[in-house]
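# Chains, contacts and geometry: an overview
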Amino acid sequence: MARTHHADPVADARVRFGPAGIEVGEIDTLPNQRSHSVLDVIPSFPDSAPPWIAPRAAYVHIPFCAHHCGYCDFAVAAGQDHRIEPYLDALATELAALRTPREIRTLFLGGGTPSHLDVRQLSQLMAELRRWFPGPLDEISLEANPDSFNEEKASLLASFGVNRVSLGVQSFDPRMLRRLERRHEPAHVEPAVAAARHAGMQVSLDLIFGVPGQSMTQWASDLKSALAISPDHVSTYGLTYEKGTQLWKQRQRGEFSPAPEELELQMYQHAMETLEAAGFKQYEISNFARHGFESRHNQVYWANEAFYGFGVGAAAYVGGTRTLNVRNLEVYLQRVLGGESPVFQSETLEPEPRARETLAMNLRRAEGIVFDRFCEQTGFDATALVGTRLNRYTAHGLLELDDRSARLTRSGRCVADAIVAEML
Ligand code: SF4
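Residues numbered from 1 in each chain as written. Predicted model: local features only at pLDDT ≥ 70, side-chain atom pairs only at ≥ 80, totals over all residues. Heavy atoms only, no water.

### Comments concerning the packing of aromatic side chains
Heads up, the rule is: Pairs were defined over the aromatic rings of Phe, Tyr and Trp, the Trp ring being its six-membered one, requiring ring centres within 6.5 Å. Orientation was assigned from the angle between planes: stacked under 30 degrees, edge-to-face over 60, tilted for the rest. Helix numbers and strand numbers start at the N terminus; a helix is a DSSP run of H or I with at least 4 residues, a strand a run of E with at least 2. Note on geometry: a ring has a charge over it if NZ (lysine) or CZ (arginine) is within 6 Å of the ring centre and within 35 degrees of the ring normal.
In this structure the tally under the stated criterion is 11 aromatic pairs. On the basis of an interplanar angle of 55 degrees and a centroid distance of 6.3 Å, the ring pair of Phe-133 and Phe-310 is categorised as tilted. Of this pair, Phe-133 sits in the loop between helix H4 (119–132) and strand S5 (139–144) while Phe-310 sits in strand S11 (residues 308–310), and the two are 177 residues apart along the sequence. Ring centres of Phe-209 and Tyr-268 lie 6.2 Å apart, and the angle between their planes is 20 degrees; this geometry places the pair in the stacked category. Separated by 59 residues along the polypeptide, Phe-209 in strand S7 (residues 202–209) and Tyr-268 in helix H10 (residues 261–277) bring together distant segments of the chain. Geometry around Tyr-241 places Arg-251 over its ring, the cationic atom sitting 4.6 Å from the centre. Note that Arg-322 overlies the ring of Tyr-317, its terminal NZ or CZ placed 3.9 Å from the centroid.

Okay, structure coming up:
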């Protein structure tokens, strides 16, 4: 099942790209594989460069959270608000490596909890971002928690062009929220949605299923509550137990029984049926949107196209090279404010692994692998590369295959992680 929570595609990229078997705490003790100064210029490209080389998207990571939820393994900093100001300075320094303003179509502020910043800090952050990405942009998204998003923040953000908010609702049931160690209450959701609507923003809701103790009835009720507030977009993630998290440790100690796999699968199928019946299109394994409200930014990841990345733990993919910033906030601040690059790892894939990665990412989308486009992007014929596999999945009813494209069926989406892993 999919990973939980915000900025899922970036996290996926990190997991695929990160060094296997290395714990979060160990990563930043490894030697820096680049000796660059932070002020090295981020390459620019001619207007004619294709989107898998020249970024038309940017991701900015804001790690601060009011509290560290038990299941979360993202690069987060809880109880470290005294570091917000230096962090904004460090981001400004990292952004200055662009040297000239860049034209992009989408900007995504993920976390962590970007809405944890106060109005003045958000204003400083957005002013800096719009200095480098003046626009016009098609989409600026911000992740928010229901208890830290209000009319004042929404109106300020909208004045900088933020037009989409992704709310980490996760559940409308206080028992599930407690199990996940989330701090907000279900009652916080409606005012947060109203604030976003009042500011003219699109609204996306994140929901988690497969929580220990969650029944199908309860999950159906969560979906119903979500639909009752008419979101434009819904992301549903099966709970995963990432090694080292509190929830993972509790499970290791036998403090609870995880949801049975069969139940989790039924919950996913129920989400697909319910959301589609309510007029949402499932345009990616975990994402559903009303027509025209698909996340443009996240589609960049699934197309395996280029994107800038800034902030602690942020991944970037520029000119065919993937980079990953250090995940430890203190190390990030020391490096960037000391004039060093925050990049921990840099890798330029050979053409075939890059093509396979593109296949795997494309398969997550409802439109799947579009053969002409894939060939133009990678130089490979998809059927020559993985034709035998595609035929096998088709024979098992997991894939629909024709001359133009290959797409996962509903059954295929239920085992998507395994299929995607086989493509790499
Ligand atoms: S609010 Fe989100 S990013 Fe922050 S700790 Fe909780 S799950 Fe992680």
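Next comes the rest of the description.
### Brief notes about unusual backbone geometry
Along the chain, Gly-111 connects to Gly-112 via a cis peptide bond; the corresponding omega equals 20 degrees. Among the secondary structure elements, Gly-112 is positioned in the loop between strand S4 (106–111) and H4. A cis amide bond, omega 10 degrees, links Gly-135 with the succeeding residue Pro-136. Inspection of the secondary structure puts Pro-136 in the loop between H4 and S5. Of note, Gln-170 is a non-glycine position whose phi angle comes to about 65 degrees, a positive value. Structurally, the position occupied by Gln-170 is in strand S6 (residues 164–170).

### Structural notes on the side chain of Arg-322
In plain terms, the rule: Nitrogen and oxygen atoms within 3.5 Å of one another constitute a polar contact, given that in protein one can donate a hydrogen and the other can accept it, and given that sequence-neighbouring residues count only through two side-chain atoms.
Structurally, Arg-322 is set in strand S13 (residues 321–325). Within the structure, Arg-322 has its side chain in polar contact with the side chain of Asn-304 (distance 2.7 Å).

### Points about the packing of helix H13 (residues 351–363) against helix H14 (residues 371–378)
Spelled out, the test is: To get an axis, a line is fitted to the C-alpha atoms, and for a helix only the part in contact is used. The angle between two axes follows their N-to-C directions and goes from 0 to 180 degrees. The hand of a helix crossing depends on one turn: near helix anticlockwise from the far one by less than a right angle means left-handed, and clockwise means right-handed. Here, residues are in contact when the closest pair of their heavy atoms is within 4.5 Å. In this count, Pro and Cys sit with the nonpolar residues alongside Ala, Val, Leu, Ile, Met, Phe, Trp and Tyr, while Asp, Glu, Lys and Arg are called charged and the others, Gly among them, polar.
With their axes 10 Å apart at the nearest point, H13 and H14 run at an angle of 145 degrees to one another. Between H13 and H14 lies a crossing of right-handed hand. Facing H13, whose interface residues are Ala-355, Thr-358, Leu-359 and Asn-362, H14 presents Phe-374, Gln-377 and Thr-378. In terms of residue class, the contact of H13 with H14 is built from 3 nonpolar, 4 polar and no charged.

### Notes on the pairing of strand S12 (residues 315–318)
Along any regular strand the residues' side chains alternate between the sheet's two faces. The test is simple: Burial classes follow relative accessibility: with a 1.4 Å probe on protein chains only, a residue under 20% of its type's maximum area counts as buried, one over 50% as exposed, and anything between as partly exposed. DSSP calls a pair of strands paired once it identifies at least 2 bridges connecting them.
Neither face of S12 is left uncovered, since the one carrying Ala-315 and Tyr-317 and the one carrying Ala-316 and Val-318 both have all their residues buried. Judged from the 4 bridges that link them, S12 and S13 form a sheet pairing that is antiparallel. In the strand pairing of S13, Ala-316 is matched with Thr-323. Counting the residues between successive antiparallel strands, the hairpin from S12 to S13 contains 2 residues, one of them, Gly-319, with a positive phi of roughly 60 degrees.

### Digging into H10
Note the threshold: In this scheme, a helix's expected span is set at 1.5 Å multiplied by one less than its residue total. Comment: arc refers to directions from the helix axis out to C-beta atoms.
Its 17 residues place the ends of H10 24 Å apart at the C-alpha level, agreeing with the 24 Å of an ideal helix rising 1.5 Å per residue. Those residues of H10 that sit buried are Glu-264, Met-267, Tyr-268, Ala-271, Met-272 and Leu-275. Along the axis of H10, the buried residues cluster in a sector spanning 140 degrees; they form a single face. Every exposed residue of H10 that faces more than 90 degrees away from the buried side is listed here: Glu-262 and Ala-277.

### Some remarks on the pairing of S5
The line we're drawing: Consider the strands pointing away from the viewer: the crossover is right-handed when the path from the first strand over the helix to the second runs clockwise.
For S5, the tally of buried residues reaches 6 of 6 residues, placing the bulk of the element in the interior. On S5, burial covers both faces: Glu-139, Ser-141 and Glu-143 on one face and Ile-140, Leu-142 and Ala-144 on the other are all buried. Strand direction decides the pairing type here: S4 and S5, joined by 4 bridges, are parallel. By the bridge assignment for S5, Phe-108 is matched with Ser-141. Read as a crossover between parallel neighbours, the route from S4 over H4 to S5 is right-handed. Relative to S6, S5 runs parallel, the two sharing 4 bridges. When the bridges of S6 are listed, Glu-143 appears paired with Ser-166. Taken together, S5, helix H5 (residues 151–159) and S6 form a β-α-β motif whose crossover is right-handed.

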